[in-house]
Amino acid sequence: MNITIVGTGYVGLGTAIMLAYLGYQVTGLDSDEGKISSLKAGALPIYEPGLDDLLQAASPNLRWTTQYSDAIPDADFIFVCVGTPPLPDGHPNLQYLEGAVRSIAQHLDGKPQIIVNKSTVPIGTGDWVLRILEEHAALYATSHYEVVSNPEFLREGTALGDSLYPDRIVLGGSSWATGQMRTLYAPLIEQSFEAPAHVPRPRGYERPAVVETTLTSAEMIKYSANAFLALKISYANEIAGLCECVGADIHEVAAGIGLDHRIGTRFLAAGAGWGGSCFGKDTSALITTGQDYGYSMPILRAAMTVNERQRSLVIEKLQKHVRLLKGKRVAVLGMAFKPDTDDLRDAPAHDFILRLGRLGATAVAYDPVAMPRARREWTHLHYVEAVSASAALAGADAVIVATEWSEFRSLNWEEVLATMRGRVVIDARNIIREPLAAPAVLEQIGREQPQSAFLPASGLAAVKVGA
Ligand code: UDX
């Protein structure tokens, strides 16, 4: 079976490399010549742990091109993985998708071919794609094609594990087309492939559930899954705020509620709020889809509001201790929206640096992987680059932990605090487990500041009683 993947972003590349690893002949197509020539030279345009090694293993089955005429006629499956970035009004920009579908349509061969929508596309897109194909089919006298919606649930940073060992595979379309997709995915469904040494099968993992639905239901599943996860995090953040008011600890509370199987422990980590390319975009797309039908979605709106408030809260916590930020130096640890990726889309660090600049402070930023990308994409922001976490902290008045990279977890805080001018630590990802010795001040999300090692317990109690 021949497979073509249109679009070599996170989803397209991951899918192409994964399917080639499973043994299929895969052609990756992108209109960006720079991307394709670097892929031809074996270089990945994104950072994703382990993807390099899988690319090496799969490379005999992979080829790259910029030409639709070269990639479409022989393909049995054409995966559409182009970007659908948000427009200012919240609707997704479908220009790339439409362009890709029109180009595909011109080169369909007349033999049975399946067009698979893997991008997160607006609900109803599958039918729209079919209409575009029909227009062209009439024009070019092609015949047998079908459209399937096969949403992707992989997370950046853990993309390989998520693609090889998914919880479920969702297939929306006719029973013939979804049957073809089952055949294609048989190695995944049966878990009959040899697990790569660097992405071993998780303990206890058996096989994915296969969910067959209509086109529209599959599209709806993708959005509603992301929006649910987003609102679960916003819920944890809202409860974290109340924990601070009453003196409870969100770690204990989240663990306690998460152990109820109906709730689950994951995606309850309070912090700077969610970012990335999906949660904000998909949640607002669902709200605008509702609006298009005159239907309101107050729960999702609230999830967005809480997420925005979370980012302001981090700066407010800083201002509590450094009232006048003008002229101050504030270290920002982490720029990527989450660890193990260089993706900067909707990253909380972006907002922190922007707000610090407006308040007259100098942000000194460090990220283990995302700095070169930030140099290209954050040209509108003013910040100083540091070569390491400790260099960012040296001489700083305060620090914001914006991303929970593991190297920040293992920082020797006692040592780095001694190099700071002020010792205000805003740990917006709750990574610091031990109390910091006075005079350092530690602010976290949803937790009382751990008792200072230097204050006797009775002294603290007296302060509280008097307060
Ligand atoms: C998400 C979905 O998880 C994935 O299924 C979908 O295909 C794409 O969108 P991704 O954006 O790569 O994946 O990252 P994810 O790990 O889900 O994290 C999203 C955001 O939520 C990050 O900003 C992360 O920091 C934040 N988050 C996550 C929390 O704040 N708390 C949590 O408990 C979990």
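No experiment lies behind these values; they were computed from the predicted model shown.

## Some details on the overall build of the protein
Phase 1: On a plain count of helices and strands, the protein comes out with 19 helices and 14 strands.
Phase 2: Taking 467 residues into account, the globule formula puts the C-alpha radius of gyration at 23 Å, and the protein, at 24 Å, falls close to it.
Phase 3: For the protein, the spread of C-alpha atoms along the three principal axes comes to 85 × 45 × 45 Å.
Phase 4: Per-residue burial over the protein gives 51% buried out of 467 residues.
Phase 5: Restricting the contact set of the protein to residue pairs at least 6 apart, pairs at least 24 apart contribute 72%.
Phase 6: Summed over all atoms, the accessible surface of the protein reaches about 21,000 Å², with 54% contributed by carbon and sulfur.

## Some remarks on the state of the cysteines
Disulfides are covalent bonds that link the sulfur atoms of two cysteine residues.
Phase 1: Taken as a whole and assessed by the stated rule, the structure comprises 0 disulfides.
Phase 2: You can see Cys-81 has no disulfide; the closest cysteine sulfur is in Cys-278, sitting 13 Å from it.
Phase 3: We classify Cys-81 as buried; its relative accessible area is 7%.

## Digging into the sheet that holds strand β14 (residues 441-443)
Phase 1: Reading across the sheet, the 6 strands line up as β11-β10-β9-β12-β13-β14 and stay open at both edges, with parallel pairing between neighbours. Two strands close off the open sheet at either side, each with one partner strand: β11 (384-385) and β14.
Phase 2: Pairing of strand β9 (residues 329-333) with strand β12 (residues 398-401), which is carried by 4 bridges, proceeds in the parallel orientation. Residue Val-332 lies in a different strand from β12, and its bridge partner there is Ile-400.
Phase 3: Against the sheet, helix α14 (residues 348-358) contacts β9, β10 (362-366) and β12, and its axis sits at roughly 175 degrees relative to β9.

## Looking at the UniProt feature "binding site: substrate" (unreviewed entry) in the protein
Phase 1: In the numbering used here, UniProt assigns the feature "binding site: substrate" (unreviewed entry) to Phe-153, Leu-154, Arg-155, Glu-156, Lys-222, Phe-267, Leu-268, Ala-269, Ala-270, Gly-271, Gly-275 and Lys-338. In three dimensions, the annotated residues from a span of 186 residues occupy distinct locations, with a maximal C-alpha spread of 24.3 Å.
Phase 2: Tracing the backbone through its elements, the reader meets Phe-267 in the loop between α11 (250-258) and α12 (279-292).
Phase 3: Here Phe-267 is in contact with Arg-155, Leu-229, Lys-232, Ile-233 and Phe-279, once residues within four sequence places are set aside.
Phase 4: Tracing the chain through its elements places Gly-275 in the loop between α11 and α12.
Phase 5: When near neighbours in sequence (up to four residues on either side) are disregarded, Gly-275 contacts Arg-311, Phe-337, Arg-345 and Asp-346.

## Description of α14
Because each turn of an α-helix spans 3.6 residues, side chains separated by three or four positions end up pointing in the same direction.
Phase 1: Taken together, the buried positions of α14 are occupied by Pro-348, Ala-349, His-350, Asp-351, Phe-352, Ile-353 and Leu-356.
Phase 2: Count one or two residues on from α14 and you reach Gly-360, which has phi positive near 85 degrees.

## Focus: the site of the ligand
Phase 1: Taken together, 19 residues are adjacent to the ligand, and Phe-153, Glu-156, Ala-269, Gly-275 and Lys-338 come closest.
Phase 2: Glu-156 places a main-chain nitrogen or oxygen 2.7 Å from an oxygen atom of the ligand.
Phase 3: At 2.8 Å, a backbone N or O of Ala-269 approaches an oxygen atom of the ligand.
Phase 4: Relative to its free-state accessible area of 670 Å², the ligand is covered by the protein chains to the extent of 90%.
Phase 5: For the shell around the ligand, the leading source of residues is helix α10 (residues 215-246), giving 3 residues.
Phase 6: For the shell around the ligand, a count of residues per class yields 10 nonpolar, 3 polar and 6 charged.

## Focus on the packing of α12 against helix α13 (residues 298-321)
Phase 1: Axis separation between α12 and α13 bottoms out at 10 Å; the angle between their running directions is 145 degrees. Read as a crossing pair, α12 and α13 show a hand that is left-handed. Two secondary-structure elements touch here, α12 through Gly-280, Thr-283, Ser-284, Leu-286, Ile-287 and Gln-291 and α13 through Leu-300, Arg-301 and Met-304.
Phase 2: Its residues placed into classes, the contact of α12 with α13 shows 4 nonpolar, 4 polar and 1 charged.

## Some remarks on the pattern of salt bridges
A side chain with one charge can pair with a side chain of the opposite charge if their charged atoms come near.
Phase 1: Overall, the coordinates contain 25 salt bridges when judged by the stated rule.
Phase 2: Between Glu-135 and Arg-102 there is a salt bridge whose closest N-O contact spans 3.4 Å. Note that Glu-135 is positioned in helix α6 (residues 125-140) and Arg-102 in helix α5 (residues 95-106), a separation of 33 residues in sequence.
Phase 3: Look at Arg-102 and you get partly exposed, because its relative accessible area is 26%.
Phase 4: Sharing partners across several salt bridges, the network here consists of Glu-244, Lys-317, Lys-320 and Glu-443.

## Considering the nonpolar core
Phase 1: Counting residues in each nonpolar core, the largest one holds 61 residues, and the members touching the most others are Leu-318, Leu-333, Leu-356, Trp-378, Tyr-383, Ile-400 and Trp-413.
Phase 2: Not counting residues up to four positions away in its chain, the partners in contact with Leu-333 are Tyr-366, Ala-389, Ala-392, Leu-393, Val-399, Ile-400, Val-401, Ala-402, Thr-403, Phe-408, Leu-411 and Trp-413.

## Description of the side chain of Lys-232
Phase 1: Mapped onto the fold, Lys-232 is located in helix α10.
Phase 2: One buried charged residue, Lys-232, forms no salt bridge at all, with the nearest opposite charge on Asp-260 at 10 Å.
Phase 3: Here the side chain of Lys-232 touches Gly-264 through a polar contact of 3.2 Å, landing on its backbone oxygen.
Phase 4: Ignoring sequence-local partners within four residues, the contact set of Lys-232 consists of Ile-263, Gly-264, Arg-266, Phe-267 and Leu-268.

## A closer look at unusual backbone geometry
Phase 1: Residue Pro-439 follows Ala-438 across a cis peptide bond; omega there is 10 degrees.
Phase 2: One non-glycine residue, Asp-340, lies in positive phi territory at about 65 degrees.
Phase 3: Asp-340 gets classed as partly exposed once you look at its relative accessible area, which sits at 36%.
Phase 4: Look at Asp-346: it is not a glycine, yet its phi comes out positive at around 50 degrees.
Phase 5: Within the secondary structure, Asp-346 is located in the loop between β9 and α14.

## Digging into the side chain of Ser-149
Phase 1: Examined against the element boundaries, Ser-149 turns out to sit in strand β6 (residues 145-149).
Phase 2: Once residues lying within four places of it in the same chain are set aside, the contact partners of Ser-149 are Asn-117, Val-170, Leu-171, Gly-172, Leu-215, Ala-218 and Glu-219.

## Quick notes on the packing of α13 against α14
Phase 1: One can describe the packing of α13 onto α14 by two numbers: an axis separation of 10 Å at closest approach and a directional angle of 45 degrees. Between α13 and α14, the angle is such that the two are oblique. Viewed along their axes, α13 and α14 form a crossing whose handedness is right-handed. Residue-level inspection shows Arg-311, Ser-312, Val-314, Ile-315 and Leu-318 of α13 in contact with α14, the latter providing Pro-348, Asp-351, Phe-352, Arg-355 and Leu-356.
Phase 2: For the contact of α13 with α14, the class distribution of residues is 6 nonpolar, 1 polar and 3 charged.

The rules behind the values
- Residues numbered from 1 in each chain as written.
- Predicted model: local features only at pLDDT ≥ 70, side-chain atom pairs only at ≥ 80, totals over all residues.
- Heavy atoms only, no water.
- Helix = DSSP H or I, 4+ residues; strand = E, 2+ residues; numbered from the N terminus.
- Rg over C-alpha atoms; globule rule 2.2 N^0.38 Å.
- Buried < 20%, exposed > 50% of the residue type's maximum accessible area, 1.4 Å probe, protein only.
- Contact = heavy atoms within 4.5 Å.
- Areas by Shrake-Rupley, 256 points an atom, 1.4 Å probe, with all protein chains shown as cover.
- Disulfide = S-S within 2.5 Å.
- Pairing = 2+ DSSP bridges.
- Axes fitted to C-alpha atoms, helices over the stretch in contact; angles between N-to-C directions.
- UniProt positions renumbered as here; feature names shortened; annotations may be inferred.
- Near = heavy atom within 4 Å.
- Polar contact = N/O pair within 3.5 Å; in protein donor to acceptor, adjacent residues only side chain to side chain.
- Nonpolar A, V, L, I, M, F, W, Y, C, P; charged D, E, K, R; others polar.
- Left-handed = near helix turned anticlockwise from the far one by under 90°.
- Salt bridge = Lys/Arg side-chain N within 4 Å of Asp/Glu carboxyl O.
- Core = buried A, V, L, I, M, F, W, Y, C linked by side-chain atoms within 4.5 Å.
- Lys, Arg positive; Asp, Glu negative; His and termini not counted.
- Parallel < 35°, antiparallel > 145°, perpendicular 65-115°, else oblique.

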